[in-house]
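# Residue-level structure breakdown
What follows is the residue order along each chain.
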Amino acid sequence: MIVRLFIPFTALVLFFIESNLALFSPLDFNDRTVYLVPRFLFFYLIIISVYYNRERAMQYGLIFGILFDVFYLNLIGVYTVLYPIICFIAGSTVRYMHQHLATTTALAIGLMAVFEFVLYQFFYFISYTAMPIDVFVYDRLLPTIGANLLFLLMLGWIFKYLISARVLQHIE
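What this report covers is the structure whose coordinates are included nearby. (Residues numbered from 1 in each chain as written. Predicted model: local features only at pLDDT ≥ 70, side-chain atom pairs only at ≥ 80, totals over all residues. Heavy atoms only, no water.)

In this section: the overall build of the protein chain. Of regular secondary structure, the protein chain possesses six helices and two strands. Counting from the amino terminus, the protein chain carries its helices and strands in the arrangement α-β-β-α-α-α-α-α. For a compact globule of 172 residues, the expected C-alpha radius of gyration is about 16 Å, and the protein chain comes in at 16 Å, within 12% of that figure. Considering only C-alpha atoms, the protein chain reaches an extent of 55 × 30 × 30 Å along its principal axes. Considering only contacts within the protein chain whose residues lie at least 6 apart along the sequence, 71% involve residues at least 24 apart. For the protein chain, the exposed surface amounts to about 9600 Å²; the carbon and sulfur share of it is 69%. When the 9 basic and 9 acidic side-chain charges of the protein chain are each reduced to a single mean position, those positions are 14 Å apart. (Helix = DSSP H or I, 4+ residues; strand = E, 2+ residues; numbered from the N terminus. Rg over C-alpha atoms; globule rule 2.2 N^0.38 Å. Contact = heavy atoms within 4.5 Å. Areas by Shrake-Rupley, 256 points an atom, 1.4 Å probe, with all protein chains shown as cover. Lys, Arg positive; Asp, Glu negative; His and termini not counted. Charge placed at Lys NZ, Arg CZ, Asp CG, Glu CD.)

Below is the structure:
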């Protein structure tokens with residue numbers, strides 16, 4: 001029973017940790033401002049979609065997308081739509097690939113790059129940001145990918161085993 005609560009509780013903790021770590025961004029390095037955007041919940045949703053259940057991941061994505069839009073963004077619907085779509089893509093793609101953690105990590109990083117680019121294009125289209133594409137790629141996208149890859153390499157296996165424990169409990 002306790003393992004059943006770990007998955008949503010971990011998602012909730014990651015939701016709050018993301019906002020706290022975002023307070024440390026932007027950083028200044030060698031006369032350049034670098035933006036690091038933590039996407040911990042995003043990766044956790046992908047791992048749920050790959051190792052547990054795509055539909056459950058989409059439900060969590062919808063719930064946390066609404067929460068993200070309500071608490072951190074003035075536009076309702078951006079994360080609410082994108083989180084479930086990314087979970088669907090991850091869950092559908094992994095059916096054609098090996099479910100190894102390295103493959104899942106590569107898939108998650110690729111989906112995060114697409115996610116960030118779609119967000120950038122949307123915000124640029126509605127004039128919410130005026131950041132040129134080259135500044136976005138070099139000062140936000142690449143540092144964000146590097147920081148989140150480090151996070152995923154450190155904690156991805158823990159998330160995988162947490163979800164695997166839930167799958168084993170569900171089978172019994």
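Within this structure, the stated rule accounts for 23 aromatic pairs. Both rings, one in Phe15 and one in Phe64, keep their centres 5.8 Å apart while their planes meet at 45 degrees; by these two values the pair is tilted. In this pair, Phe15 is assigned in helix H1 (residues 2-22) and Phe64 in helix H3 (residues 54-72), connecting sequence segments 49 residues apart. Residue Phe15 is classed as buried on the basis of its relative accessible area of 1%. When its relative accessible area of 5% is taken as the criterion, Phe64 is described as buried. Three or more aromatic residues joined by ring pairs make a cluster, and in this case those are Phe15, Phe16, Phe42, Phe43, Phe64, Phe68, Phe71, Tyr72, Tyr79, Tyr83 and Phe115. (Phe/Tyr/Trp six-rings, centres within 6.5 Å; stacked < 30°, edge-to-face > 60°. Buried < 20%, exposed > 50% of the residue type's maximum accessible area, 1.4 Å probe, protein only.)

Turning next to the pattern of salt bridges. What the rule picks out here adds up to four salt bridges. Between Arg54 and Glu55 there is a salt bridge, and its shortest N-O distance comes to 3.5 Å. Through salt bridges with shared partners, one network takes in Arg39, Glu116 and Arg140. (Salt bridge = Lys/Arg side-chain N within 4 Å of Asp/Glu carboxyl O.)

Given a rise of 1.5 Å per residue, twelve residues ought to cover 16 Å, and the 16 Å separating the end C-alpha atoms of helix H2 (residues 40-51) matches this to within 8%. The buried count for H2 comes to twelve of twelve residues, which makes it a mostly enclosed element. The complete set of buried residues in H2 reads Phe40, Leu41, Phe42, Phe43, Tyr44, Leu45, Ile46, Ile47, Ile48, Ser49, Val50 and Tyr51. (Expected span 1.5 Å × (residues − 1).)

Right, let's get into the side chain of Glu116. Relative to the elements of secondary structure, Glu116 occurs in helix H5 (residues 101-125). Note on Glu116: relative accessible area 1%, which makes it buried. Beyond its immediate sequence surroundings of up to four residues, Glu116 is in contact with Val37, Arg39, Phe136, Arg140, Leu141 and Thr144.

Right, let's get into H3. With 19 residues, H3 ought to run about 27 Å at 1.5 Å a step, and its terminal C-alpha atoms sit 25 Å apart, in line with that. Residues of H3 that are buried: Arg54, Ala57, Tyr60, Gly61, Phe64, Gly65, Phe68 and Asp69. The arc that holds every buried residue of H3, seen down its axis, measures 160 degrees, which confines them to one face. Away from the buried face of H3 by more than 90 degrees, exposed residues Val70 and Phe71 are located. Two or three places before Glu55, at the start of H3, stands the capping residue Asn53, its side-chain oxygen 3.0 Å from that residue's backbone nitrogen. (Arc of directions from axis to C-beta. Polar contact = N/O pair within 3.5 Å; in protein donor to acceptor, adjacent residues only side chain to side chain.)

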